[in-house]
Amino acid sequence: ATIATFTRPGKSNDFQPEWLDSITPGASATIQIVEGIPVAISGTEIRQRIAEGRSIRYRVPDTVADYIAEHNLYR
């Protein structure tokens, strides 16, 4: 499987996949860094909003919000 990682605004973007090769040889070949329009949304913010009973609408796709609600995650 290929793992995609996205850059985030305000965060250090100095991650080098090759660092993982010292732990698991060849791991860097499975990682693709995707650069695009930065979106300042973090998983921590999503989990916190859910725990507080606040909406996550427009922060995650509807299918993700439905899955979180269906499985009662982060409450």
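Provided above is the structure to which this section pertains.
All figures in this text were calculated on a predicted structure; none of them were measured in a lab.

A.B. asks: Describe the pattern of salt bridges, with residues and values.
C.D. replies: The final tally for this structure, using the stated rule, is two salt bridges. Between E45 and R59 there is a salt bridge, with its nearest N and O atoms 3.0 Å apart. Of this pair, E45 sits in helix 1 (residues 43-51) while R59 sits in the loop between helix 1 and helix 2 (62-70), and the two are 14 residues apart along the sequence. R59 gets classed as partly exposed once you look at its relative accessible area, which sits at 32%. One salt bridge in this structure joins R54 and E52, with 2.9 Å as the shortest N-O distance.

A.B. asks: Just give me the short version of the side chain of S28, but keep the residues and values in it.
C.D. replies: Of note, S28 is situated in the loop between strand 1 (3-6) and strand 2 (31-34). Overall, S28 belongs to the buried group, its relative accessible area being 18%. A distance of 2.8 Å separates a polar atom in the side chain of S28 from a polar atom in the side chain of D21. Not counting residues within four places of it along the chain, the set of residues in contact with S28 comprises P17, E18 and D21.

A.B. asks: I'd like to hear about the environment of Q16, residue by residue, with values.
C.D. replies: Along the chain, Q16 falls in the loop between strand 1 and strand 2. Separated by 21 residues in sequence, Q16 and I37 have C-alpha atoms that sit 20 Å apart.

Cut-offs applied
- Residues numbered from 1 in each chain as written.
- Predicted model: local features only at pLDDT ≥ 70, side-chain atom pairs only at ≥ 80, totals over all residues.
- Heavy atoms only, no water.
- Salt bridge = Lys/Arg side-chain N within 4 Å of Asp/Glu carboxyl O.
- Helix = DSSP H or I, 4+ residues; strand = E, 2+ residues; numbered from the N terminus.
- Buried < 20%, exposed > 50% of the residue type's maximum accessible area, 1.4 Å probe, protein only.
- Polar contact = N/O pair within 3.5 Å; in protein donor to acceptor, adjacent residues only side chain to side chain.
- Contact = heavy atoms within 4.5 Å.

From the geometry alone we can't say anything about function, so treat these as descriptive.
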